[in-house]
Amino acid sequence: MAMLEVHGLEVAYGRVKAVKGIDFSVEEGQVVTLLGTNGAGKTTTLRTLSGLLQPSAGEIWFDGKRIDGMAAHKVVQGGLAQSPEGRRIFPRLSVEDNLMLGAFARRDRAGVQADLARVFDLFEVLKERRKQSAGTFSGGEQQMLAMGRALMSRPRLLMLDEPSMGLSPLMMQRIMSTIAELQSEGVTILLVEQNAQAALSLADKGYVLEVGSIAFSDTGQNLLSDDRVRKAYLGED
Ligand SMILES: Nc1ncnc2c1ncn2[C@@H]1O[C@H](COP(=O)(O)OP(=O)(O)OP(=O)(O)O)[C@@H](O)[C@H]1O
Ligand SMILES: [Mg+2]
């Protein structure tokens, strides 16, 4: 069984189905990307995996356990965390307090301190400005903070919803190389990213979502050279 298995997942907002019965899986240690145009259902899918939305049908299995219907904090405790679209940091709180919110469900103080040190190693700017309010940060710095906060729950599977949104090319590269580094440390990653080129270059596997359904999937390398992907996501004709 894969680390994450999604079977026949449907999610609706009122009467409108945003996700229409999708199947996908993420193997432990992989980077898997979900591609799709605006409104395809990527964020809805991630929020449902996190327990923030309830599916109207289907099953979600993580680590051999069924997690659909589980409360969001239980999902995080189980090892599945998300860095949300648009970051959602708390601007008036300090950098450090924002990070500690990611560890709210943990009781192992020594482990939390070790993870804080690890996040500070990954993102030096967070360490240098740990006492400053997060609202003074640039977009890229806030993105690092959002990723750092998600890492503070010590996830085994980290979901990232458009981590490079609004970032400079340099900052984007930084985020992408951090994803590769996390993978090499054993973190499994489910990545939603507008920059399909960057995402597919990293990904072991990719799924293309079109209006709530999975249109096709393949390895990252194969999708990079797939005509349908090149036209729709890589801006080529
Ligand atoms: N809270 C909501 N209430 C009603 N409809 C919603 C809500 N959130 C999303 N939707 C709709 O569900 C569909 C999927 O939205 P979703 O945010 O999952 O797309 P997405 O793939 O993440 O898009 P984007 O690339 O723009 O972030 C869209 O049609 C959207 O308008
Ligand atoms: Mg989205």
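Parameters at a glance
- Residues numbered from 1 in each chain as written.
- Chains lettered and ligands numbered in written order.
- Predicted model: local features only at pLDDT ≥ 70, side-chain atom pairs only at ≥ 80, totals over all residues.
- Heavy atoms only, no water.
- UniProt positions renumbered as here; feature names shortened; annotations may be inferred.
- Salt bridge = Lys/Arg side-chain N within 4 Å of Asp/Glu carboxyl O.
- Helix = DSSP H or I, 4+ residues; strand = E, 2+ residues; numbered from the N terminus.
- Buried < 20%, exposed > 50% of the residue type's maximum accessible area, 1.4 Å probe, protein only.
- Phe/Tyr/Trp six-rings, centres within 6.5 Å; stacked < 30°, edge-to-face > 60°.
- Lys NZ or Arg CZ within 6 Å of the ring centre and 35° of its normal.
- 1 Å grid on protein atoms, 1.4 Å probe; cavity = no way out; pocket = protein on both sides within 12 Å on 5 of 7 lines; lining within 4 Å.
- Points joined across faces, edges and corners; volume = space filled by probe spheres on them.
- Donors = N, O, S within 2.8 Å, 3.2 Å for Na, K, Ca; no water.
- Core = buried A, V, L, I, M, F, W, Y, C linked by side-chain atoms within 4.5 Å.
- Contact = heavy atoms within 4.5 Å.
- Near = heavy atom within 4 Å.
- Polar contact = N/O pair within 3.5 Å; in protein donor to acceptor, adjacent residues only side chain to side chain.
- Areas by Shrake-Rupley, 256 points an atom, 1.4 Å probe, with all protein chains shown as cover.

Under an unreviewed UniProt entry, the protein chain has the name Branched-chain amino acid transport system ATP-binding protein and belongs to Naumannella cuiyingiana. For the protein chain, the Sequence similarities (unreviewed entry) comment in UniProt is given as "Belongs to the ABC transporter superfamily."

Right, let's get into the pattern of salt bridges. Taken as a whole, this structure holds 13 salt bridges when the rule is applied. Arg156 is paired through a salt bridge with Asp63; the nearest N and O atoms lie 2.3 Å apart. Placement of the pair is Arg156 in the loop between helix H6 (139-151) and strand S7 (157-161) and Asp63 in the loop between strand S4 (57-62) and strand S5 (65-66), with a sequence separation of 93 residues. Exposure remark for Arg156: the relative accessible area of 30% places this residue in the partly exposed category. A relative accessible area of 33% means that Asp63 is categorised as partly exposed. For Arg118, the salt bridge goes to Glu185, with nearest N and O atoms at 2.7 Å. Pair noted here: Arg118 is in helix H4 (residues 109-122) and Glu185 is in the loop between helix H7 (169-184) and strand S8 (188-192), with a separation of 67 residues, a long-range link.

Okay, the packing of aromatic side chains next. Under the criterion given, the structure shown has one aromatic pair. Positioned above the aromatic ring of Phe216 is the side chain of Arg228, whose terminal nitrogen or guanidinium carbon lies 3.7 Å from the ring centre.

Let us look at the UniProt feature "domain: ABC transporter" (unreviewed entry) in the protein chain. UniProt's entry tags residues 4-236 with the feature "domain: ABC transporter" (unreviewed entry), counted in the numbering of this structure. With 38% helix and 27% strand, the stretch residues 4-236 has end C-alpha atoms that lie 33 Å from each other.

It is worth spelling out the layout of surface pockets at this point. To find the voids left in a structure, one rolls a probe of water-molecule size over its atoms. The calculated volume of the largest pocket comes to roughly 510 Å³. Around the largest pocket, the lining comprises 18 residues; the ones closest to its centre are Leu52, Val76, Gln82, Phe104 and Arg149. Secondary structure elements with two or more residues in the lining of the largest pocket: helix H2 (72-77), strand S6 (80-83) and H6.

This brings us to the coordination of the magnesium ion (ligand 2). Every protein donor of the magnesium ion (ligand 2) is listed here as Thr43 (OG1) and Glu85 (OE), and their distances to the metal cover 2.0 to 2.5 Å. In this pair, Thr43 is assigned in helix H1 (residues 42-49) and Glu85 in the loop between S6 and helix H3 (95-101), connecting sequence segments 42 residues apart.

Time to look at the nonpolar core. Membership of the largest hydrophobic core comes to 37 residues, with the highest contact counts inside it found for Leu99, Leu126, Ile179, Leu182 and Ile189. The biggest single contributor to this core is H6, with six residues. With residues up to four places along the chain from it excluded, the contact list for Ile189 reads Gln30, Val31, Val32, Leu157, Leu158, Leu160, Ile179, Leu182 and Gln183. Phe24, Ala40, Leu49 and Val75 belong to the second-largest nonpolar core, a separate cluster that totals 26 residues.

We now examine the site of ligand 1. Within the structure, ligand 1 sits among 13 residues, and Gly39, Lys42, Thr43, Thr44 and Glu85 are positioned closest to it. Measuring from an oxygen atom of ligand 1, one finds a backbone N or O atom of Gly39 at 2.8 Å. Glu162 is positioned such that a nitrogen or oxygen atom in its side chain is 3.5 Å from an oxygen atom of ligand 1. Coverage of ligand 1 by the protein chains reaches 57% of its 630 Å² of free accessible surface.

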